[in-house]
Amino acid sequence: MQRRRFLKLGGTAATLAAASALLPSGALAAGGAPEVKGAKLGFIALTDAAPLIVAKELGLFAKYGMPDVQVTKQASWAATRDNLVLGSGGGGIDGAHILTPMPYFLTLGVNGKATPMSILARLNVNGQGISVEKEYLSAKADINAAKMKGIIAKRKAAGNKITMAMTFPGGTHDLWLRYWLAAAGIDPDKDLELITIPPPQMVANMKANTMEAFCVGEPWHDQLISQGLGYTAVSTGQMWMNHPEKSFAMRSDWVAKYPNAAIAITAAIIDAQRWADNPANTAKLAAMIGGRDWLKVAPADIQDRLAGTFNMGDGRIIKNAPFKMKFWAANASFPFKSHDLWFLVENKRWGKLPAGLNTNGAIAKVNRSDIWRKAAALAKVPANQIPKGDSRGVEKFFDGKVFNPGNPAAYLASLAIKR
């Protein structure tokens, strides 16, 4: 085993050398060296887990004094949650590639044992989608979900149940699917049933006719299309351009105990995001994350959409898509507190969080943009690439709705369908 590992490392020497040429030189954290050499991190088989995978594959954790960081696959978001509750001391994990609302659910004790969490970085913007089965081709369902109403009404009249899937209640995919439906006047709680399916199992469940539609991250939409099972109605960046998506979060007790190590891990992830966002590395990235240890997906099912070419599967082919997944551009890595606020408000909308929740208090506990800024300094990020504040300002959605972080109540009041 040691010999094989040595040979594998030797075979990637050229890649490491090339990466080093593109990345800032390593340095110890301003506050001192990392207190520990490793941590256990989890990921789900999705393209947006790339920053953790790249940081491991290119030796970036080691570059910042953390050579023993482990990145391990999780079976589902529920398994990620449960393993974070356990922590590495209990056989679980210390941190993870995670749906942005989940660190809040954990901290607040929603859907699991209360476990304070810290968001240290955002991992990407855009890059999720909503795909539907082939029957909806006749309706030409796209960003306008109202085009499905006729088929839904016909099925319901025949006594058939309408089922759509997302990956975790209250998670990002749940919220995108709900927003898309509600914007078209379809109530996601009354007009159909939403079920939870782990991301890697979406395509198999569509093949088994478990559901008519699903919302998940890449590369599962491209794989659905390559298998001729359906098409992508909408990519989520078309609904909200450069919307926040996954986060990197760690247990707050781990961060408090090992602050320099938390900064070092975040710096490695920042480096990985910059490498992953370089178009010259897209083919290498697709091959890397598609490998046996990671997504186990053909690079061809990953690369096109990473590069901005979207074959939607219904005749629409979009090239140079501005809504493609981004890891660094558009301040993708920075954990804006205004974005966390939207996720909390939207979960209030659907009754997933208490209406009276003190959102600002929760964000102050969970969002550690201060650690991101220290990590960015360690990674020698140019000043013009570091946001000056913690809010991205007013956000606009495809249906004309506006979210002003300074007045979330007005946003909620503008929404017709809510709990």
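Scroll up to find the structure this text is about.
Bear in mind that the values here come from a model prediction, so they are computed numbers and not experimental data.

> Any chance you could break down the overall build of the protein chain for me, citing the residues and the numbers?
The helix and strand tally for the protein chain stands at 19 helices and 14 strands. Here the C-alpha radius of gyration of the protein chain, 21 Å, is about what a compact globule of 419 residues would show, namely 22 Å. A principal-axis box enclosing the C-alpha atoms of the protein chain has dimensions of 65 × 45 × 40 Å. In the protein chain, of all internal contacts separated by at least 6 residues, the share reaching a separation of at least 24 is 76%. As displayed, the protein chain has an accessible area near 16,100 Å², and 54% of this comes from carbon and sulfur atoms. Mean positive and mean negative side-chain charge positions of the protein chain (50 and 31 charges, respectively) differ by 3 Å.

> Just give me the short version of the sheet that holds strand E6 (residues 163-166), but keep the residues and values in it.
Here we have 5 strands laid out as an open sheet, ordered E7-E6-E8-E5-E9, and mixed in their pairing. Edge positions in the open sheet fall to strand E7 (193-196) and strand E9 (230-235), since each of these has one partner strand only. With strand direction ignored, the average angle separating the axes of adjacent strands in the sheet is 25°. Where E6 meets strand E8 (residues 213-217), 2 bridges bridge the pair, whose relative direction is parallel. Residue pairing in the sheet places Ala165 in a bridge with Phe214 of E8.

> Explain the packing of helix H14 (residues 282-289) against helix H15 (residues 300-307) residue by residue, including any values.
One way to put it is that H14 packs onto H15 with a least axis distance of 9 Å and a crossing angle of 145°. The element H14 and its partner H15 pack so that their crossing is right-handed. Where H14 abuts H15, its residues Thr282, Ala283, Leu285, Ala286 and Ile289 lie against Ile302, Gln303, Leu306 and Ala307. Classifying every residue of the contact of H14 with H15 by side-chain character gives 7 nonpolar, 2 polar and no charged.

> Break down the packing of aromatic side chains for me, with residues and values.
Evaluation of the coordinates by the stated rule reveals 17 aromatic pairs. On the basis of an interplanar angle of 55° and a centroid distance of 4.7 Å, the ring pair of Trp240 and Phe397 is categorised as tilted. With a gap of 157 residues between them, Trp240 in the loop between helix H11 (236-239) and strand E10 (246-251) and Phe397 in the loop between strand E13 (395-396) and strand E14 (402-403) connect regions that are remote in the sequence. Classification of Phe397 by relative accessible area gives buried; the value is 8%.

> Describe the pattern of salt bridges, with residues and values.
All told, the structure shown has 25 salt bridges when counted by the stated rule. The partner of Arg155 in a salt bridge is Glu135, with the nearest N and O atoms 2.2 Å apart. Here Glu135 lies in the loop between strand E5 (128-133) and helix H7 (149-157) and Arg155 lies in helix H7, a separation of 20 residues in the sequence. Judged by relative accessible area, Arg155 falls into the buried class, the value being 14%. The residue Asp187 makes a salt bridge to Arg419 at a minimum N-O spacing of 2.7 Å. Here Asp187 is found in the loop between helix H8 (172-183) and E7, whereas its partner Arg419 is found in the segment after helix H19 (408-413), with 232 residues between them in sequence. Take Arg419: its relative accessible area is 44%, and that puts it in the partly exposed class. Connected through shared salt-bridge partners, Asp174, Arg178, Asp187, Asp189 and Arg419 make up one network.

> Let's hear about the side chain of Asn124: which residues, and what values?
Within the secondary structure, Asn124 sits in the loop between strand E4 (117-122) and E5. One polar contact links the side chain of Asn124 to the main-chain carbonyl oxygen of Asn126, over a distance of 3.1 Å. Residue contacts for Asn124: discarding those within four places in its chain leaves Asp48, His243, Pro244, Glu245, Lys246, Gln273, Met325, Lys326, Phe327 and Ala332.

> Describe H15, and please don't skip the residues or the numbers.
All of the buried residues in H15 are Asp301, Ile302, Arg305 and Leu306. On an axial view of H15, the arc spanned by its buried residues comes to 115°, and they lie on one face. The inward-facing, buried residues of H15 contact helix H10 (220-226), E9, H14 and strand E11 (310-311). Just beyond H15, the residue with positive phi is Gly308, at close to 95°.

> Could you give an account of the sheet that holds strand E1 (residues 40-43), naming the residues involved and the relevant values?
Taken in spatial order, the 5 strands make up an open sheet running E2-E1-E3-E10-E4, and their pairing is mixed. Strand pairing shows two members of the sheet lacking a second neighbour, strand E2 (70-73) and E4, which therefore form its edges. Adjacent strand axes in the sheet meet at a mean angle of 35° when their direction is disregarded. Both E4 and E10 contribute to a ladder of 5 bridges, which runs antiparallel. The residue of E10 that forms the bridge with Ile119 is Ala249.

> Describe the nonpolar core, listing the residues and the values that go with them.
Judged by nonpolar contacts, the single largest core of 133 residues is most densely connected at Phe61, Met148, Trp180, Phe248, Trp254, Ile265 and Trp342. For this core, the element with the highest residue contribution is helix H13 (residues 259-276), accounting for 12 residues. Dropping the residues within four chain positions of it, Phe248 is found in contact with Leu41, Leu52, Ala96, Ser118, Ile119, Leu120, Ala121, Leu123, Ile265, Thr266 and Ile269.

What counts as what
- Residues numbered from 1 in each chain as written.
- Predicted model: local features only at pLDDT ≥ 70, side-chain atom pairs only at ≥ 80, totals over all residues.
- Heavy atoms only, no water.
- Helix = DSSP H or I, 4+ residues; strand = E, 2+ residues; numbered from the N terminus.
- Rg over C-alpha atoms; globule rule 2.2 N^0.38 Å.
- Contact = heavy atoms within 4.5 Å.
- Areas by Shrake-Rupley, 256 points an atom, 1.4 Å probe, with all protein chains shown as cover.
- Lys, Arg positive; Asp, Glu negative; His and termini not counted.
- Charge placed at Lys NZ, Arg CZ, Asp CG, Glu CD.
- Pairing = 2+ DSSP bridges.
- Axes fitted to C-alpha atoms, helices over the stretch in contact; angles between N-to-C directions.
- Left-handed = near helix turned anticlockwise from the far one by under 90°.
- Nonpolar A, V, L, I, M, F, W, Y, C, P; charged D, E, K, R; others polar.
- Phe/Tyr/Trp six-rings, centres within 6.5 Å; stacked < 30°, edge-to-face > 60°.
- Buried < 20%, exposed > 50% of the residue type's maximum accessible area, 1.4 Å probe, protein only.
- Salt bridge = Lys/Arg side-chain N within 4 Å of Asp/Glu carboxyl O.
- Polar contact = N/O pair within 3.5 Å; in protein donor to acceptor, adjacent residues only side chain to side chain.
- Arc of directions from axis to C-beta.
- Core = buried A, V, L, I, M, F, W, Y, C linked by side-chain atoms within 4.5 Å.

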